Amino acid sequence: MSRIICSILVLSAILSIQAKFPDDPKPCKHGDSECIVKIANYFIREKATQGDRDINLVKLDPLPVAKMNLKQGADSPVNIDLTFKDNNIYGISTIKFHKVKGFGKDLAQKHELQLNAGKLSLVGPYSIKGKVLILPISGSGKSNMTLVNCDVIVQFTGMPFEKDGETYMKATKLKILAKPERLYYHFSNLFNGDKALGDNMNAFLNDNWEAIFKEVQNSIQGAFSEIFSAIISNVFSKYPYDKFFEA
């Protein structure tokens, strides 16, 4: 289990203490897409920066990320080993859901969330070594990786599990497809602090952001899939699945 998931599980356990099932906002009917979109946007708008123990929702903005690794093989033009430690994700409060599928009475089906994030930034310490397109890269310091106006599709399959005679849902096989309008990179202290080389590399990364993102897209989406899977599963592990919907 990754340190990302462990951190979210610990926070969720703390939030669950002495929590009661919420009665505001009013629950939706099973499969009512329009209503579910409104509820999801309510919780992002009102609770992302503080969390909500009533539904096991951890504080999402900023969201701590203990460790994330992006590793590309030698067969990729972007052959890097990039590790982020003790970072924070900023901007989840800018997310706006615009369509959902699933969430019907049969929880063991495919579910989908379509959303847009105005700005998502991963900020904190990093270390990197390898090659980006034609240039070698190495360094460690503080980084900022920011996705702007990013359309995201989250897909997962619900898996039922029993607890105290009730049926709960866990998110499994979760996948994320991200399509940012722009991606900005900044890595401090590249090449042992050589400012000229570091500035040139950062300029190169941003000039070629689209080609680089195409190469590392699967790694980034995989890392963020772990985060979303843990958040969704923890929310739905708080109460039996049917209690999240109008009877």
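Everything quoted here is computed from the prediction, not taken from an experiment. (Residues numbered from 1 in each chain as written. Predicted model: local features only at pLDDT ≥ 70, side-chain atom pairs only at ≥ 80, totals over all residues. Heavy atoms only, no water.)

Asks: Help me understand the overall build of the protein, please; the structure alone is not making it clear to me.
Replies: Tallying secondary structure elements over the protein gives four helices and six strands in all. Put simply, the protein runs from its N terminus to its C terminus through helices and strands in the order α-α-β-β-β-β-β-β-α-α. In terms of overall dimensions, the protein is globule-like: its C-alpha atoms have a radius of gyration of 19 Å, near the 18 Å expected for 247 residues. Considering the protein as a whole, with its 247 residues, one finds that 48% of them fall into the buried category. The long-range share in the protein, meaning contacts at least 24 apart out of those at least 6 apart in sequence, stands at 70%. Surface summary for the protein: the accessible area is close to 12,800 Å², and the carbon and sulfur share equals 53%. The positive charge centre, built from 31 side chains, and the negative charge centre, built from 26, are 2 Å apart in the protein. (Helix = DSSP H or I, 4+ residues; strand = E, 2+ residues; numbered from the N terminus. Rg over C-alpha atoms; globule rule 2.2 N^0.38 Å. Buried < 20%, exposed > 50% of the residue type's maximum accessible area, 1.4 Å probe, protein only. Contact = heavy atoms within 4.5 Å. Areas by Shrake-Rupley, 256 points an atom, 1.4 Å probe, with all protein chains shown as cover. Lys, Arg positive; Asp, Glu negative; His and termini not counted. Charge placed at Lys NZ, Arg CZ, Asp CG, Glu CD.)

Asks: Can you walk me through the state of the cysteines in this structure?
Replies: Where two cysteines share a covalent bond between their sulfur atoms, that bond is called a disulfide. Counting across every chain of the model gives one disulfide. Note on cysteine connectivity: Cys28 is disulfide-linked to Cys35, with sulfurs 2.1 Å apart. The disulfide joining Cys28 to Cys35 has a torsion of about -85° about its S-S bond and is therefore left-handed. (Disulfide = S-S within 2.5 Å.)

Asks: Any chance you could explain the pairing of strand β4 (residues 110–132) here in plain terms?
Replies: Every other side chain in a regular strand lies on the same face of the sheet, so the side chains alternate between the two faces. Here strand β2 (residues 78–90) runs beside β4; their pairing, made up of 10 bridges, is antiparallel. In the strand pairing of β4, Phe84 is matched with Tyr126. Relative to β4, strand β3 (residues 95–101) is paired through six bridges, and the arrangement is antiparallel. For Lys99, the partnering residue across the bridge sits in β4 and is Gln114. Sheet topology places β4 next to strand β5 (residues 135–163); 22 bridges connect them, and they run antiparallel. (Pairing = 2+ DSSP bridges.)

Asks: Any chance you could explain the packing of aromatic side chains here in plain terms?
Replies: What describes a pair of aromatic rings is the distance from one ring centre to the other and the angle between the planes of the rings. In this structure the tally under the stated criterion is 10 aromatic pairs. Between the aromatic rings of Phe103 and Phe236, the centroid separation amounts to 6.3 Å while the plane-to-plane angle is 25°, which identifies the pairing as stacked. Taken together, the residues span a long stretch of sequence, with Phe103 in the loop between β3 and β4 and Phe236 in helix α4 (residues 209–236) at a distance of 133 residues. Comparing Phe103 with Phe236 shows no difference in burial state: the two are buried. A centroid spacing of 5.6 Å and a plane angle of 25° characterise the contact between Phe161 and Tyr168, whose relative ring orientation is stacked. Owing to a relative accessible area of 27%, Phe161 belongs among the partly exposed residues under this scheme. Take Tyr168: its relative accessible area is 7%, and that puts it in the buried class. (Phe/Tyr/Trp six-rings, centres within 6.5 Å; stacked < 30°, edge-to-face > 60°.)

Asks: Sorry if this is basic, but what is going on with helix α2 (residues 33–47) here?
Replies: The α-helix advances 3.6 residues per turn, and as a result positions three or four apart in sequence lie on the same side. Between its terminal C-alpha atoms α2 stretches 21 Å, which fits the 21 Å expected from 15 residues at 1.5 Å a residue. For α2, every residue scored as buried is listed here: Ile36, Val37, Ala40, Asn41, Tyr42, Phe43, Ile44 and Lys47. Residues of α2 that are buried in the fold lie against β3. (Expected span 1.5 Å × (residues − 1).)

Asks: Would you mind going over the environment of Asp199 with me for this structure?
Replies: Structurally, Asp199 can be placed in helix α3 (residues 195–207). Distance from Asp199 to Phe187, taken between C-alpha atoms, is 9.0 Å for residues 12 residues apart in sequence.

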